[in-house]
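Summary of the model geometry
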Amino acid sequence: MKILRVALDVPLDTLFDYSAADQDNIAIGDRVLVSFGRRQMVGVVAEISDHSDLSPGRIKPVLQVFRDTPPLSEEIFHLLRFCADYYHHPLGEVVLNALPVPLRQTKPVARTNPTGYRLTEAGLALEADALPTRAIVKRKLLQSLKQAGTLARNDIAGLSPSALQALREFIAQGWAAESDEIAEPVLAPVKTDGLPPLTPPQEQAVTAILSGQDHFQVWLLYGITGSGKTEVYLRVIAQVLQRGGQALVLVPEINLTPQLESRFRARFPDTCQVSLHSRLSAGERLRNWSLAQSGKAKIVLGTRLALFTPMPKLKLIVVDEEHDGSFKQQDGLRYSARDMAIARGKQAGTPVILGSATPALETWYNASIGRYQKLELPARAIAEAALPAIHCIDISRAKLVDGLSDSLIDALRVRLERGEQSLVFINRRGYAPVMRCGQCGWVSTCHRCSSRLVVHLREKRLRCHHCGHESRIPPTCPDCGNADLAPLGQGTQRLEDTLGNLFPAARILRVDRDSTRRKQALPEMLERIHAAEVDIVIGTQLLAKGHDFKKLTLVGVVNADGALYSSDFRASERLFAQLMQVAGRAGRDTLPGEVLIQTQFPTHPLFQALIRHDYPGFAETLLTERKQAEFPPFCHQALLRAEAPQVETALAFLRKAQGVAPRDFDVSLFDPVPAQMARLAGMERAHLLVQATSRGALQAFLSAWNKSLFSMGGNVRWSLDVDPLEF
Ligand code: ADP
Ligand code: ZN
Ligand code: ZN
């Protein structure tokens, strides 16, 4: 008999022992069905041993070993274990959450649809000439199947509207049959003709990265917007493919996947490429994951969850827009996909490329001390595309028309007259950020969160953007009965109305989370912008990233001041990155671009650096400040978070946790405080900060502390957040 230590999706920091017969052929990484309490659960075998600390009578046998997919590889298990250790999160939750949903269920995955179709021997022997000349679809199907070996149903459907009918006839004739193989795509020679010659900095970057193809190295590809970073990824990936390797490309946001996907497809038309993100159905995700696990998918493109995809021939990891906060998960396992990508690259011995126009300060710092290698693309790749001119409009003096200054309105008018596009950027959806009573000063707040209720005038609703709570707009002030409640401040919807009144003939399009709720809405809107069917785009951060609009020459930023004097020490880093990104949407082609920023503080160093396009200068300033304040990257942080219905309960838990903290570690513990967003969805949130100058000391402390925390019990939801981004 052997003992299996099984990882289960339960919030306990331990593995669970089960037994299996010696002759059972079980490997680490196998999925097994076990009974746990009164339930049956799926677990993953983490260790195999010949003894257990439990008395033999208490060890239950595994109920079933699933053979529907190969076991998780040692490589991926290693990564998951590292992740669980680093974030002090139960291994079982880490492992099970990395699996596609169907693999977490208590029954083996059923093949509902065959993965594809192939020709039988009779089919292979068939010549196209044997089919009637008019049977164009059948001929095409025959030829395509001969070429590809196996075709997925979708690909067949794509051949012609009647191709599936033809397939049914082929099957009836015995010419075609189901196949469980997705044919490994033929490795076509990589096309290099017709590609633009690389600029000298691109050339240098590609050469440098390729020179270190066989070992771990983090490359920071620091290139301004439009400098051709993606082109660098493509060239390096071409080499990876040529050597039969796999490449993993991570992007911060789902909305960026379609355009990148089509750019990759166009470059590598014969390569099996899959994407992984949360908008795929469970079945699609399993299929893509399996294709990567089998080594058939050569390029895996996805959001942070794609990080844990098994890839046996992994040769390159790219993290695009590496500074983006979305790489960090904000609940459950609070991992940073960027940091774990580096850990993965280290384990797999592959290069990791971090691309950004505004690297995270931590990354910039690591490059400055030589831990990462910096490669720079200092100019836009298209020779005529200059960087946009950035100006501030001082709104402390200017008179505003519904939040817009004369200078911005004039600039918009000029673009309209020239037939060019403008983007007005405002990072607030809804009509106005709050409803206010002019008599008594009442403002609409959410009773479940410490936040304000946003006015959605068209729907006549007030909405909390944090918890989703909704109510109708009250006819009178709930406090004093005043009937003149007024929306205060600007949101995308109000801006849409204002611009519509100012420019009645202009074609205006609002792109925010509300207007893009329908699945195909965003792609359709992007299409319209590209086709120049829009004059003025009103956009939130949804539009700030990645998009390449050739006719866009003006970007107006309506209100950026909120973050300037925030208590969050990362707020100005984030604001700079965001404004740089939005500014980067202007003048990407041959038409020169201009960026106008409305602000009360035009002389603020952040804007001054932005005007000079001086990320390195700004980063130096911030690093000096961080060093003085001993903030990251000059220290390492972790938060113990707690939430409970009453703030006192959460704080009491944290004080107790402070009490049980092990001594003898070189770390500082701060006192418990309420979170910046103190109330969220009816829960009071508080945290306790731990800080250390050495990562090793912090990690050792957390390991010891974590054990005490698990034994504390209590009715408080708590979690550790290592390298927290939000406070
Ligand atoms: P980034 O990823 O840095 O924003 P891209 O790779 O998207 O930059 O390149 C920006 C634009 O420049 C794209 O339209 C791209 O096709 C073009 N481009 C990139 N490299 C070159 C090059 N070497 N020669 C000509 N055009 C290029
Ligand atoms: Zn009132
Ligand atoms: Zn709320």
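Higher on the page you've got the structure.
Predicted model only: the values in this text are computed from it and were never measured. Throughout, residues of each chain are indexed from 1 in the direction in which the sequence is written. Each chain takes a letter, starting from A, and each ligand takes a number, starting from 1, following the order in which they are written. Note on the predicted model: pLDDT of at least 70 is required for a residue's local features to be given, and 80 or more for side-chain atom pairs to be given and counted; whole-chain, interface and lining totals, by contrast, use all residues. As a convention, hydrogens and water are excluded, and side-chain values are obtained from all of the structure's heavy atoms.

**Points about the overall build of the protein chain**
When helices and strands are tallied, the protein chain shows 20 helices and 34 strands. Radius of gyration here is computed from C-alpha atoms only, and the compact-globule reference equals 2.2 Å multiplied by the residue count raised to the power 0.38. Taking 27 Å as the expected radius of gyration for a compact globule of 727 residues, we find that the protein chain reaches 28 Å, a close match to that expectation. For the protein chain, buried positions account for 54% of its 727 residues. Taking as baseline every contact in the protein chain between residues at least 6 positions apart, the subset at least 24 positions apart corresponds to 73%. Accessible surface for the protein chain amounts to roughly 32,600 Å². Of this, 50% is attributable to carbon and sulfur atoms. Numbering goes from the N terminus for both helices and strands, where a helix is a DSSP run of H or I of at least four residues and a strand is a run of E of at least two. Relative accessibility thresholds used throughout: buried, under 20% of the residue-type maximum; exposed, over 50%; partly exposed, between the two (1.4 Å probe, protein chains only). We call two residues in contact when some of their heavy atoms are within 4.5 Å. All accessible areas in this document rest on Shrake-Rupley with a 1.4 Å probe, and a residue is counted as covered only by the protein chains that are shown.

**With respect to the coordination of the zinc ion (ligand 2)**
Note on metal sites: the ideal angle is 109.5 degrees for four tetrahedral donors, and 90 or 180 degrees for six octahedral donors. Metal donors were taken as nitrogen, oxygen and sulfur atoms no farther than 2.8 Å from the ion, or 3.2 Å where the ion is Na, K or Ca. Water is excluded, so coordination may look unfinished. Distances from the zinc ion (ligand 2) to its protein donors, Cys437 (SG), Cys440 (SG), Cys477 (SG) and Cys480 (SG), fall at 2.2 to 2.4 Å. Sequence spacing among the residues donating to the zinc ion (ligand 2) works out to C-x2-C-x36-C-x2-C. Separated by 43 residues along the polypeptide, Cys437 in strand β21 (residues 434-437) and Cys480 in the loop between β24 (470-472) and β25 (485-488) bring together distant segments of the chain. Among the residues examined, Cys437 registers a relative accessible area of 0% and is labelled buried.

**Some remarks on the site of ligand 1**
We call a residue near a molecule or strand whenever a single non-hydrogen atom of that residue lies within 4 Å of it. Of all residues adjacent to ligand 1, which total 18 residues, the nearest are Pro197, Gln202, Lys229, Thr230 and Arg263. At a separation of 2.8 Å, a nitrogen atom of ligand 1 approaches a polar side-chain atom of Gln202. At a separation of 3.0 Å, an oxygen atom of ligand 1 approaches a polar backbone atom of Gly228. Within the complex, the protein chains bury 80% of what would otherwise be the 560 Å² of accessible surface of ligand 1. Among the elements that make up the shell around ligand 1, the one with the highest residue count is helix α8 (residues 229-242) (3 residues). Classifying every residue of the shell around ligand 1 gives 6 nonpolar, 6 polar and 6 charged. Within 3.5 Å is the distance limit for a polar contact, defined as a pair of N or O atoms, with the added protein rule that one can donate a hydrogen and the other accept it, and that residues adjacent in sequence qualify only through two side-chain atoms. Just so you know the grouping, Ala, Val, Leu, Ile, Met, Phe, Trp, Tyr, Cys and Pro go in nonpolar, Asp, Glu, Lys and Arg go in charged, and all remaining residues, Gly too, go in polar.

**Remarks on the sheet that holds strand β7 (residues 116-119)**
At least two DSSP bridges between two strands are required for those strands to pair. Sheet architecture is open: 3 strands sit in the order β8-β7-β9, paired in antiparallel fashion. Edge strands, defined here as strands with exactly one partner in the open sheet, are β8 (150-151) and β9 (176-179). Looking at chain direction, β7 and β8 are connected through 2 bridges and run antiparallel. Bridge pairing in β8 links Arg118 to Thr150.

**Things to note about the sheet that holds β24**
Taken together, the 3 strands give an open sheet; going across it, the order is β22-β23-β24, and neighbouring strands pair in antiparallel fashion. The open sheet terminates on both sides in strands that have one partner only, identified here as β22 (454-456) and β24. Adjacent strand axes in the sheet meet at a mean angle of 30°, parallel and antiparallel pairs treated alike. Where β22 meets strand β23 (residues 461-463), 3 bridges bridge the pair, whose relative direction is antiparallel. Note on β23: the bridge partner recorded for His456 is Arg461. To obtain each axis, a line is fitted to C-alpha atoms, and for helices this fit is confined to the stretch in contact; angles are then taken between N-to-C directions over 0 to 180 degrees.

**Topic: the nonpolar core**
In these notes, a set of buried Ala, Val, Leu, Ile, Met, Phe, Trp, Tyr and Cys residues joined through side-chain atoms within 4.5 Å is what counts as a nonpolar core. Counting residues in each nonpolar core, the largest one holds 121 residues, and the members touching the most others are Leu72, Leu250, Tyr335, Leu579, Leu640 and Trp705. When residues in this core are grouped by element, the largest group, 8 residues, is from helix α1 (residues 74-87). The residues touching Leu579, leaving out its near neighbours within four places in the chain, are Val557, Ala560, Ile597, Leu606, Phe607 and Leu610. Core analysis: the next-biggest nonpolar cluster, separate from the first, contains 28 residues, Val236, Leu316, Val318 and Leu377 among them.

**Describing α8**
The terminal C-alpha atoms of α8 lie 20 Å apart, and with 14 residues this matches the ideal 20 Å at 1.5 Å per residue to within 8%. The buried fraction of α8 amounts to 12 of the 14 residues, a majority that puts the element mostly inside the structure. Those residues of α8 that fall on the buried side of the exposure criterion are Lys229, Thr230, Glu231, Val232, Tyr233, Leu234, Arg235, Val236, Ile237, Ala238, Val240 and Leu241. Just beyond α8, the residue with positive phi is Gly244, at close to 75°. Multiplying 1.5 Å by the residue count of a helix minus one yields the expected span of that helix.

**Regarding the coordination of the zinc ion (ligand 3)**
Coordination sphere of the zinc ion (ligand 3), protein contribution only: Cys446 (SG), Cys449 (SG), Cys464 (SG) and Cys467 (SG), at 2.3 to 2.4 Å. Because the angles between the 4 donor atoms bound to the zinc ion (ligand 3) fall within 106 to 114°, the donor set is best described as tetrahedral. Sequence positions of the donors to the zinc ion (ligand 3) reduce to the motif C-x2-C-x14-C-x2-C. Here Cys446, found in the loop between β21 and β22, pairs with Cys464, found in the loop between β23 and β24; they are 18 residues apart in sequence, far enough to count as distant. For the residue pair Cys446 and Cys464, the accessibility class agrees, reading buried in each case. Square planar and octahedral assignments, for four and six donors respectively, both demand that opposite donors be over 155 degrees apart and that all other angles lie between 65 and 115; tetrahedral needs four donors with all angles between 85 and 135 degrees, and anything else is irregular.

**Describing the packing of helix α19 (residues 647-660) against helix α20 (residues 695-712)**
Running from amino to carboxyl end, α19 crosses α20 at an angle of 135°, the nearest separation of the two axes being 10 Å. The orientation of α19 with respect to α20, classified from their angle, is oblique. In the packing of α19 onto α20, the handedness of the crossing is right-handed. Between α19, through Phe653, Lys656, Ala657 and Val660, and α20, the contact on the second element is made entirely by Trp705, Ser708, Leu709 and Met712. Residue classes in the contact of α19 with α20 are distributed as 6 nonpolar, 1 polar and 1 charged. Under this scheme an angle from 65 to 115 degrees is roughly perpendicular, one under 35 degrees roughly parallel, and one over 145 degrees roughly antiparallel; angles in between are oblique. With the far helix as reference, a near helix turned anticlockwise by less than a right angle produces a left-handed crossing, and one turned clockwise produces a right-handed crossing.

**Thoughts on the pattern of salt bridges**
If charged atoms from side chains of opposite charge come close, those side chains can pair. For this document, the term salt bridge refers to a Lys or Arg side-chain nitrogen within 4 Å of an Asp or Glu carboxyl oxygen. Evaluation of the coordinates by the stated rule reveals 41 salt bridges. The closest approach of N and O atoms between Arg641 and Asp721, which form a salt bridge, is 2.9 Å. Separated by 80 residues along the polypeptide, Arg641 in strand β30 (residues 636-644) and Asp721 in strand β34 (residues 717-722) bring together distant segments of the chain. You can call Arg641 buried: its relative accessible area is 10%.

**Details of the packing of aromatic side chains**
Each pair of aromatic rings taken from Phe, Tyr and Trp, with Trp reduced to its six-membered ring, is defined by centres within 6.5 Å and is described as stacked if the planes are under 30 degrees apart, edge-to-face if over 60, and tilted in the remaining cases. Under the counting rule described, the total for this entry stands at 18 aromatic pairs. Relative to Tyr615, the ring of Tyr222 lies with its centre 5.7 Å away and its plane at 45°, an arrangement referred to as tilted. Of this pair, Tyr222 sits in strand β10 (residues 217-223) while Tyr615 sits in helix α18 (residues 615-629), and the two are 393 residues apart along the sequence. For the residue pair Tyr222 and Tyr615, the accessibility class agrees, reading buried in each case. Judged by centre distance (4.4 Å) and plane angle (15°), the ring pair of Phe576 and Phe618 falls under stacked. Here Phe576, found in helix α16 (residues 571-583), pairs with Phe618, found in helix α18; they are 42 residues apart in sequence, far enough to count as distant. This pair shows no difference in class: Phe576 is buried, exactly as Phe618 is. An aromatic cluster of three or more residues is present, and its members are Tyr222, Trp364, Phe576, Tyr615 and Phe618.

**What about the packing of helix α7 (residues 200-211) against α8?**
At their nearest, the axes of α7 and α8 sit 10 Å apart, and the two run at 35° to each other. Crossing angle aside, the handedness with which α7 passes α8 is right-handed. Every residue of α8 that contacts α7 at Gln202, Ala205, Val206, Ile209 and Leu210 is listed here: Glu231, Val232, Arg235, Val236 and Gln239. Its residues assigned to classes, the contact of α7 with α8 shows 6 nonpolar, 2 polar and 2 charged.

**Observations regarding helix α4 (residues 136-148)**
The terminal C-alpha atoms of α4 lie 18 Å apart, and with 13 residues this matches the ideal 18 Å at 1.5 Å per residue to within 8%. Three or more residues of α4 are buried, namely Leu141, Leu142, Ser144 and Leu145. Within α4, the buried residues cover an arc of 170° as seen down the axis, which keeps them to one side. Of the exposed residues in α4, those oriented more than 90 degrees away from the buried face are Ile136, Gln143 and Gln147. Buried positions along α4 lie against β7, α3 (121-125), β8, α5 (153-159) and α6 (163-173). Directly after α4, the chain includes Gly149, whose backbone phi takes a positive value near 85°. An arc is given here, and it is the one of the directions from the helix axis to the C-beta atoms.

Any functional reading would require information that these geometric values do not contain.
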